[in-house]
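# Structural overview for review
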Amino acid sequence: MSITIKNDTDIEKMRIAGKLASEVLDYITPFVKPGVTTGELDKLCHDYMVSVQGTIPAPLNYAPPGHIPYPKSICTSVNQQVCHGVPGEKILKSGDIVNLDITVIKDGYHGDTSRMFCVGTPSIQAKRLCDITYECMWLGIAQVRPGATLGDIGHVIQKHAEDSGYSVVREFCGHGIGKKFHEDPQVLHYGRPGTGLKLQQGMMFTIEPMINAGKRDIRQLGDGWSIVTKDRSLSAQWEHTILVTADGYEVMTLSAGSPPPPAFIRT
Ligand code: MF3
Ligand code: CO
Ligand code: CO
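Heads up: these notes are all about the structure in this document.

The first and last C-alpha atoms of helix H4 (residues 150-163) sit 20 Å apart over 14 residues, in line with the 20 Å expected at 1.5 Å per residue. Buried within H4 we find Leu150, Gly151, Asp152, Ile153, Gly154, Val156, Ile157, Gln158 and Ala161. The elements touched by buried residues of H4 are helix H3 (124-142), strand E6 (167-168), strand E8 (183-187), strand E9 (204-207) and strand E10 (210-212). Directly after H4, the chain includes Gly165, whose backbone phi takes a positive value near 90 degrees.

Distances from the cobalt ion (ligand 3) to its protein donors, Asp101 (OD), Asp101 (OD), Asp112 (OD) and Glu239 (OE), fall within 2.0 to 2.4 Å. Coordination at the cobalt ion (ligand 3) comes from six donor atoms whose angles at the metal span 58 to 165 degrees, giving a geometry best classed as irregular. In primary-sequence terms, the residues that donate to the cobalt ion (ligand 3) follow D-x10-D-x126-E. The distance between the cobalt ion (ligand 3) and the cobalt ion (ligand 2) is 3.3 Å, with Asp112 acting as a donor to both metals. In this pair, Asp112 is assigned in strand E5 (residues 109-118) and Glu239 in the loop between strand E13 (235-237) and strand E14 (240-244), connecting sequence segments 127 residues apart. The residues Asp112 and Glu239 share a single accessibility class, namely buried.

Moving on, we get to the coordination of the cobalt ion (ligand 2). Protein-derived coordination of the cobalt ion (ligand 2) comes from Asp112 (OD), His175 (NE2), Glu208 (OE) and Glu239 (OE), at a distance range of 2.0 to 2.2 Å. Coordination at the cobalt ion (ligand 2) is irregular: its six donor atoms span angles of 51 to 162 degrees at the metal.

Turning to the pairing of strand E4 (residues 97-106), a few remarks are in order. When you tally the buried positions in E4, you get nine out of 10 residues, the bulk of the element. In terms of strand pairing, strand E1 (residues 56-57) meets E4 through two bridges, oriented antiparallel. Note that in E4 the partner of Ile56 across the bridge is Ile105. Sheet analysis places strand E2 (residues 75-78) next to E4, joined by four bridges and oriented antiparallel. Bridge pairing links Cys75 to Asp101 in E4. With antiparallel pairing between neighbouring strands as the criterion, E4 and E5 make up a hairpin whose turn holds two residues, including Asp107 at a positive phi of roughly 55 degrees.

To continue, consider the sheet that holds E10. Strands pair in a sheet through their backbones, by hydrogen bonds, and they do so in one of two ways: parallel or antiparallel. The antiparallel open sheet is built from three strands, whose spatial order is E6-E10-E13. Two strands in the sheet have a free side with no partner beyond their single neighbour: E6 and E13. With two bridges joining them, E6 and E10 adopt antiparallel strand pairing. What sits directly across from Ser167, in E10, is Asn212. Strands in contact with H3 are E10 and E13; relative to E13, the strand with the most contacts, it is inclined by about 40 degrees.

Quick look at the site of ligand 1 now. As a matter of local geometry, ligand 1 sits amid 14 residues, with Pro59, His175, His182, Glu208 and Glu239 nearest to it. Within the contact set of ligand 1, an oxygen atom lies 3.1 Å away from a side-chain nitrogen or oxygen of His175. Separating an oxygen atom of ligand 1 from a side-chain N or O atom of Glu239 is a distance of 2.9 Å. Out of a free accessible area of 340 Å², ligand 1 has 97% covered by protein chains. Each residue belonging to the shell around ligand 1 can be placed in one class, and the counts come to six nonpolar, four polar and four charged.

Thresholds, definitions, all that
- Residues numbered from 1 in each chain as written.
- Chains lettered and ligands numbered in written order.
- Predicted model: local features only at pLDDT ≥ 70, side-chain atom pairs only at ≥ 80, totals over all residues.
- Heavy atoms only, no water.
- Helix = DSSP H or I, 4+ residues; strand = E, 2+ residues; numbered from the N terminus.
- Expected span 1.5 Å × (residues − 1).
- Buried < 20%, exposed > 50% of the residue type's maximum accessible area, 1.4 Å probe, protein only.
- Contact = heavy atoms within 4.5 Å.
- Donors = N, O, S within 2.8 Å, 3.2 Å for Na, K, Ca; no water.
- Tetrahedral: all angles 85-135°; square planar, octahedral: opposite > 155°, others 65-115°.
- Pairing = 2+ DSSP bridges.
- Axes fitted to C-alpha atoms, helices over the stretch in contact; angles between N-to-C directions.
- Near = heavy atom within 4 Å.
- Polar contact = N/O pair within 3.5 Å; in protein donor to acceptor, adjacent residues only side chain to side chain.
- Areas by Shrake-Rupley, 256 points an atom, 1.4 Å probe, with all protein chains shown as cover.
- Nonpolar A, V, L, I, M, F, W, Y, C, P; charged D, E, K, R; others polar.

See the structure below:
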């Protein structure tokens, strides 16, 4: 595989797909309340994507090497679930935290974004984990410009997470994205400044740190997809799709309901 450089047509189509993915999160937000099941959230998002937006839910039947086809249209990762949580009968209750990860295909292009949601009233610890993970994602995004390296991105994410007493999941990473769901390069959420691939204008990839309140170790559940922390500690994740521009970055996955960047980010 190799890294694709996006032309103006690609970029315009990725803007559209990215905004649509984010708008699914805007749409589902009022439904994320105590008593709803993750399966109901999946069905609502599926129907919104297919019937309202005319988008294709990229996860549905997605089958990368070594995996059974993914059976649902979104990922719902609750509490100690790290990523790829499969929606089902699970009822959300006050105090839960849940990541909803949306990937849509529009006109052949992918938009991939996720947010954390606090169900009802969160504990102080759970809210802090969600907030620090959001800051980690944005610290990584703010590194993006031509000439910076992937190691610069990973380093600031790892430093903020570990300085906060948390750990970074190593087995999953951000990824190039475009006409394919997962392209090169792999975007690690840990690393050393100045190492790794040098960024060039026109590259497009996700930044999607998974941060655990406890140890970094993970395991896969028997459903073949859901990933949980080995020590059952809480885990959080946020994701945006990012373009390297001439002098910095553009976030492709913004919409009216996107939370603002942390105050320390100058835009
Ligand atoms: N959206 C996830 C990502 O950010 C991938 C989900 S793959 C699925 O890369 F099959 F689990 F949906
Ligand atoms: Co992704
Ligand atoms: Co995603």
